[in-house]
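# Remarks on the overall topology
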Amino acid sequence: MQKLRSSFEQFSIISHLLKWTVLVIPVSAAVGSIVALFLWLLEKATTIRWQDGWLLFLLPIAGVLIYFLYKLLGEDSERGSNLIIDEIHEPGGGVPFRMTPLVLCTTIITHLFGGSAGREGTAVQMGGSIAGLFAKWFKLEKEDVRILLMTGIAAGFGAVFGTPLAGTIFALEVLIVGKLNYKALLPCFMASALADVACRAWGIQHTHYTILSATGGAHLFSLDLFLLIKVIVAGIAFGLAGYFFSELSHAIKYYSNRIIPIKWLIPVIGGCIIIALTFILGTRDYLGLGVTNPNGGVSIVSCFKNGGAYYFSWFWKLLFTAITLSMGFKGGEVTPLFFIGAALGNTIALLTGAPVDLMAGLGFIAVLAGATNTPIACTIMGVELFGGEHILYYAIACFTAYYFSGHSGIYSAQRLGVSKHNNKSD
């Protein structure tokens, strides 16, 4: 009898997988394709901004345009990724499909005119809204809607960075601090992997990063004791940086909305502050995405080399991004967090004598782990982006940053499942 029940259980599992394969394939193809379009447009917008520096002076006007686009067309779309997370927790009004064209257009506008923003938030929002549209077409029940929205997050994240495994775990890990919903594991993995394939099929190439430094042993699990201590100290700094970014972003948004009564003036003032800071510092290194820099200035790529960042490059990118995203402009936080972490890692390496490329790579993933409370996803991302040779250092940096970032995070809709310090859960 037990064997008979087990056989039926396997048939049930096969049925479950077939069902989600059918549901996930169209979502993944659509999300991967729209992410490919987004990345292509983002590259074009960035190139135009590099060529026509005067566009920065129109950033306040661009902010007003973004404000009224959301005011007239956005409805709940203004809440962005937090709306998707809330809908996964408690399905209600749904995620409107209008979120996809709105966040796509407004993110491109932000980058074209020099706002300091990323791309993950845009990809996740497009993934969630496309998944929500398919959920309506398929007339799914609430539990299946939750899972399909999670696949949208996984597809968007996996496709935009070319990290399908990290995208899978990110979609599971970002919802509740300290808890994972394994029921959605396979659907999210299929969605992330297929969306990445779809995105690459359009000819999109992702930036390649390399860590070449020797770390005290050829074996995969070799550890250098003195380097280990430096990595732990750096992990604490990365966690505090993630905490600072989250808290500063929330504070700027709160006080700007409280102090400035005319809401369309918020992005105007934010744009003017960005312009002023750019000229006070005498550099445009902290505008836009920051992955590369045509003028040989500070960028994510440069942070992996000696002399590739200044001591406070991480702080300036943090400030530029917090102002941009908290005062009405659109885009993601993750790529700027990569910049912040890599630049901080570069600085820590110079102060401690640690390998620059390794420490930049650890900051790249660990600040994100702290700011989003997703240490497992970020450790896996390290393997996908930099290779697996230094996986123990990735884990140590990400887990340490996760704990030292406290219970703050960039997503206000993220729920606390398990406390980081007293093992209590909600």
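Residues numbered from 1 in each chain as written. Predicted model: local features only at pLDDT ≥ 70, side-chain atom pairs only at ≥ 80, totals over all residues. Heavy atoms only, no water.

### As for the overall build of the protein
Summing up its helical and strand segments, the protein has 15 helices and 2 strands in all. Expected size for 426 residues packed as a compact globule is a radius of gyration near 22 Å; at 21 Å, the protein falls within 12% of this value. Each principal axis of the C-alpha distribution contributes one length, and for the protein these read about 75 × 60 × 45 Å. For the protein, buried positions account for 57% of its 426 residues. Long-range contacts, defined here as pairs at least 24 residues apart, represent 78% of the contacts in the protein between residues at least 6 apart. When the accessible surface of the protein is summed, it comes to about 18,100 Å², and 66% of that surface belongs to carbon and sulfur atoms. If the 27 positive side-chain charges of the protein are averaged to one point and the 23 negative ones to another, these points end up 4 Å apart. (Helix = DSSP H or I, 4+ residues; strand = E, 2+ residues; numbered from the N terminus. Rg over C-alpha atoms; globule rule 2.2 N^0.38 Å. Buried < 20%, exposed > 50% of the residue type's maximum accessible area, 1.4 Å probe, protein only. Contact = heavy atoms within 4.5 Å. Areas by Shrake-Rupley, 256 points an atom, 1.4 Å probe, with all protein chains shown as cover. Lys, Arg positive; Asp, Glu negative; His and termini not counted. Charge placed at Lys NZ, Arg CZ, Asp CG, Glu CD.)

### Things to note about empty space enclosed by the protein
What the rule picks out here adds up to 1 cavity of 30 Å³ or more. The volume enclosed by the largest cavity comes to roughly 30 Å³. Together, Ser 81, Ile 85, Glu 120, Val 124, Ile 153, Phe 170, Val 174 and Tyr 411 line the largest cavity. Those elements giving two or more residues to the lining of the largest cavity turn out to be helix 3 (81-89) and helix 5 (120-138). Among the residues making up the lining of the largest cavity, the classes are represented as 6 nonpolar, 1 polar and 1 charged. (1 Å grid on protein atoms, 1.4 Å probe; cavity = no way out; pocket = protein on both sides within 12 Å on 5 of 7 lines; lining within 4 Å. Points joined across faces, edges and corners; volume = space filled by probe spheres on them. Nonpolar A, V, L, I, M, F, W, Y, C, P; charged D, E, K, R; others polar.)

### Here we look at the pattern of salt bridges
What the rule picks out here adds up to 6 salt bridges. Of the charged contacts in the structure, one is a salt bridge between Glu 78 and Lys 330, with a shortest N-O distance of 2.9 Å. One end of the pair, Glu 78, is in the loop between helix 2 (59-73) and helix 3; the other, Lys 330, is in the loop between helix 11 (313-326) and helix 12 (334-352), with 252 residues separating them in the sequence. For Glu 78, a relative accessible area of 41% translates into the label partly exposed. (Salt bridge = Lys/Arg side-chain N within 4 Å of Asp/Glu carboxyl O.)

### With respect to the packing of helix 11 against helix 12
Where helix 11 meets helix 12, the axes come as close as 7 Å, and the angle between the chain directions of the two elements is 160°. The angle between helix 11 and helix 12 places the two elements in the roughly antiparallel class. Note that helix 11 runs across helix 12; the crossing there is left-handed. Listed contacts from helix 12 to Ser 313, Trp 314, Lys 317, Leu 318 and Thr 321 of helix 11 are Pro 336, Phe 339, Ile 340, Ala 343, Leu 344 and Thr 347. Residues belonging to the contact of helix 11 with helix 12 are distributed by class as follows: 7 nonpolar, 3 polar and 1 charged. (Axes fitted to C-alpha atoms, helices over the stretch in contact; angles between N-to-C directions. Parallel < 35°, antiparallel > 145°, perpendicular 65-115°, else oblique. Left-handed = near helix turned anticlockwise from the far one by under 90°.)

### Focus on the packing of aromatic side chains
Applying the stated criterion across every chain yields a total of 22 aromatic pairs. A network of ring pairs unites the aromatic residues Phe 157, Phe 161, Phe 170, Tyr 209, Phe 304, Phe 338, Phe 364, Phe 386 and Tyr 394 as a single cluster. Stacked on the ring of Phe 339, the Lys or Arg Lys 317 has its end atom at 5.2 Å from the ring centre. (Phe/Tyr/Trp six-rings, centres within 6.5 Å; stacked < 30°, edge-to-face > 60°. Lys NZ or Arg CZ within 6 Å of the ring centre and 35° of its normal.)

### Overview of helix 6 (residues 142-161)
Between its terminal C-alpha atoms helix 6 stretches 29 Å, which fits the 28 Å expected from 20 residues at 1.5 Å a residue. Burial runs high along helix 6: 17 of the 20 residues are buried. Gly 162 occupies a position one or two residues after helix 6 and carries a positive phi of about 70°. (Expected span 1.5 Å × (residues − 1).)

### A word on helix 7 (residues 164-173)
For helix 7, the tally of buried residues reaches 9 of 10 residues, placing the bulk of the element in the interior. Within the span of helix 7, buried status applies to Pro 164, Ala 166, Gly 167, Thr 168, Ile 169, Phe 170, Ala 171, Leu 172 and Glu 173. On the buried face of helix 7, the contacting elements are helix 6, strand 1 (176-177), helix 8 (185-201), helix 13 (356-372) and helix 14 (375-386).

### What to know about the environment of Gly 156
Within the secondary structure, Gly 156 sits in helix 6. Residue Gly 156 is classed as buried on the basis of its relative accessible area of 0%. When the C-alpha positions of Gly 156 and His 111 are compared, they lie 19 Å apart, and in sequence the two are 45 residues distant. Not counting residues up to four positions away in its chain, the partners in contact with Gly 156 are Val 31, Val 35 and Ala 123.

### Considerations on the layout of surface pockets
The computed volume of the largest pocket comes to approximately 970 Å³. As for the largest pocket, its lining consists of 35 residues, of which Glu 78, Lys 253, Leu 325, Ser 326 and Lys 330 are closest to the centre. Elements that contribute at least two residues to the lining of the largest pocket include exactly helix 2, helix 3, helix 5, helix 9 (225-259), helix 10 (265-281) and helix 11. Of the residues that constitute the lining of the largest pocket, the class distribution is 12 nonpolar, 15 polar and 8 charged. Lining the second largest pocket are 33 residues, and of these Thr 46, Trp 50, Leu 289, Val 291 and Thr 292 sit closest to its centre.

### A few points about a nonpolar patch on the surface
Judged by side-chain polarity, Trp 54, Phe 57, Leu 58, Ile 61 and Phe 279 come together as a nonpolar surface patch covering roughly 550 Å² of accessible area. Looking at the secondary structure, you find Ile 61 in helix 2. Residue classification places Ile 61 among the exposed residues on the basis of a relative accessible area of 57%. (Patch = residues over 30% accessible without salt bridge, like charges linked within 9 Å, V, L, I, M, F, W, Y side chains within 5 Å.)

### Observations concerning the side chain of Thr 151
Its location among the elements puts Thr 151 in helix 6. For Thr 151, a relative accessible area of 0% gives the class buried. At 2.5 Å, the side chain of Thr 151 and the backbone oxygen of Leu 148 are in polar contact. Residues within four places of Thr 151 in sequence aside, it is in contact with Val 24, Val 27, Pro 187, Cys 188 and Ala 191. (Polar contact = N/O pair within 3.5 Å; in protein donor to acceptor, adjacent residues only side chain to side chain.)

### Regarding unusual backbone geometry
Even without a glycine there, the phi angle at Lys 139 is positive, about 55°. Summarising the element assignment, Lys 139 is placed in the loop between helix 5 and helix 6. The residue Asn 373 is not glycine, and still its phi comes out positive at about 60°. Along the chain, Asn 373 falls in the loop between helix 13 and helix 14. Taking relative accessible area as the criterion, Asn 373 reaches 2% and is therefore assigned buried.

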